[in-house]
Amino acid sequence: MAKLNRYPADGRTAKVLVDLLDQAYLSNWVRLEASAEVSNAVSLITPSGERVIVYRPDFLDREVPEAFVALVIAHELGHHIEGDTAGLAVTQARPPKEAELRADAFAAKMLKVRGYREEQIVEALDLLVGKLPASTPTPEERRRLILKNYKRTRDLQTELGDSRAAYALLETKNSALATTKAEVEAELKKKSDDLDDHTSWAERAGKKDKKKTVLESVVMSVRLNDGDITDFTQPGKYTADVEITYHVLALEDTVEGDLEEVFHVSPESSTTVSWVPSTEKYSLHHKDPVRVAAFFRFSLKARERRTIQTSARYEYTLPLSPSRKTHGVEPSQADDAFFYINQYDYINELVLVIRSSKPLREPMKGDALLEREVDNFKIGSTPLLQSESGYSVATFRWRNLEPRQIAGLLIRR
Ligand SMILES: [Zn+2]
């Protein structure tokens, strides 16, 4: 089978997928690409285990309404969710009828949960019928099934309340064709532990993985004191102050030393790091120019929350090494990259903010990146860049981070 010639997805289509993934607590689970070599849209798992949806750009172009894009992408996501995803070699094969219906049912539920209106679904279906080859299931079967599931979802939302219904529907796999109120309630009962509407993704994931704590949010804020530097390729020095604010939630009682902070730099980076005290008592247990680490001297009771901040100062010796390869990125001598290395935690939201007192250049796609250590899965996004009062600020936020994921932000000066 020829290798598909794939390229990055268009912004609107990518946003639709991100919204759907967020809704299903599956951020970053599936990557999206475009290719003129597929007929409409296909789901596949690459040999390295990466989940991808590939679509044909002129099938989801600007002419079609957003609900049409959402219906197509949610259908493909349904193939992934339901475990009906083809391997790379069978991208041109048509999935069996049952798989198509499962994906359609999932898509219908998803679109209702995401708030698309019924008339938008009808409009999208009318358009879809005109664009699909005659197939099994027939377009008429698919329309009936999609509208039936859409309406059933609406009924469940009325009966159970929005978030409980949404949660139950999205967690109930392979029952897309048979979700009744009774089944949903049984499912809810079984998972009663997790069913508090305020239970976050990290809390559910952390409990499943028997973690003592999870992080409701993490904000890593970097201030580059680089205002005096005119040429980053000439000798000189500057510093950067890094502060990280954590919102910790204890799932079980913790003891002193359960929470640890580590700051480090890559050895060839012409940079050193030192610990700066912040909100907590600590015991430094590792201290050298490239790595500092401390245990925190506080404990938490189960269900207790605590907001803590940690801090470090980075000192740069210019010129920076031209070959600072770190986590797969190679910043040029004027540029820099910061990473949050998440070894251990489930995190609902991570925000990385880099303030420079130099103007930053427009970020490129890929400058905000997420890497999964276990299977080398990588995705790259475009950070937000804003300027005001002499500062340029690059920001990116990631949702639903798992252990052994690395998030990073590259800045261009
Ligand atoms: Zn399909």
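Residues numbered from 1 in each chain as written. Predicted model: local features only at pLDDT ≥ 70, side-chain atom pairs only at ≥ 80, totals over all residues.

(A) Spatial organisation of the sheet that holds strand β8 (residues 260–264). The three strands are arranged β8-β11-β10 in an open sheet whose pairing can be described as antiparallel. Single-partner strands in this sheet number two, and they are β8 and β10 (282–288). Across the sheet, the axes of successive neighbouring strands diverge by a mean angle of 10°, strand direction being ignored. (Pairing = 2+ DSSP bridges. Helix = DSSP H or I, 4+ residues; strand = E, 2+ residues; numbered from the N terminus. Axes fitted to C-alpha atoms, helices over the stretch in contact; angles between N-to-C directions.)

(B) Molecular detail of the packing of helix α1 (residues 11–23) against helix α2 (residues 66–81). Their axes nearest at 9 Å, the elements α1 and α2 cross at an angle of 55°. As far as their axial angle goes, α2 and α1 are oblique. With respect to the hand of their crossing, α1 and α2 are arranged in right-handed fashion. On the side of α1, the interface is formed by Arg12, Thr13, Val16, Leu17 and Leu20, while α2 contributes Glu66, Val69, Ala70, Ile73, Ala74 and Leu77. (Parallel < 35°, antiparallel > 145°, perpendicular 65-115°, else oblique. Left-handed = near helix turned anticlockwise from the far one by under 90°. Contact = placed C-beta atoms within 7 Å.)

(C) Region of the structure containing α2. Taking 1.5 Å as the rise per residue, α2 with 16 residues should run 22 Å; its terminal C-alpha atoms sit 22 Å apart, in good agreement. Most of α2 sits out of view: 15 of its 16 residues are buried. (Expected span 1.5 Å × (residues − 1). Buried ≥ 20, exposed ≤ 12 C-beta atoms within 10 Å, placed from the backbone.)

(D) Layout of the packing of helix α3 (residues 97–113) against helix α5 (residues 139–160). Look at α3 against α5: their axes get within 8 Å of each other, and the N-to-C directions meet at 40°. When the axes of α3 and α5 are compared, the pair comes out oblique. Classified by chirality, the crossing of α5 by α3 is right-handed. Listed contacts from α5 to Leu101, Asp104, Ala105, Ala107, Ala108, Lys109, Leu111, Lys112 and Val113 of α3 are Arg142, Leu145, Ile146, Asn149, Tyr150, Thr153 and Arg154.

(E) How the structure looks around the pairing of strand β6 (residues 213–225). Examined bridge by bridge, β6 and strand β7 (residues 236–250) share 12 bridges and lie antiparallel to one another. Across the sheet, residue Val218 finds its bridge partner in β7, namely Tyr246. With eight bridges connecting them, β6 and strand β14 (residues 347–356) associate as parallel partners. Opposite Met220, over in β14, you have Leu352 as the bridge partner.

(F) Local environment of the environment of Gln309. Here Gln309 is to be found in strand β12 (residues 305–318). What makes Gln309 partly exposed here is the crowd of 13 C-beta atoms within 10 Å. The spatial distance from the C-alpha of Gln309 to the C-alpha of Pro277 is 9.1 Å, given a sequence separation of 32 residues. Setting aside its immediate chain neighbours within four residues, Gln309 contacts Glu243, Ile244, Thr245, Ser278 and Thr279.

What is shown is where atoms sit, not what they do.
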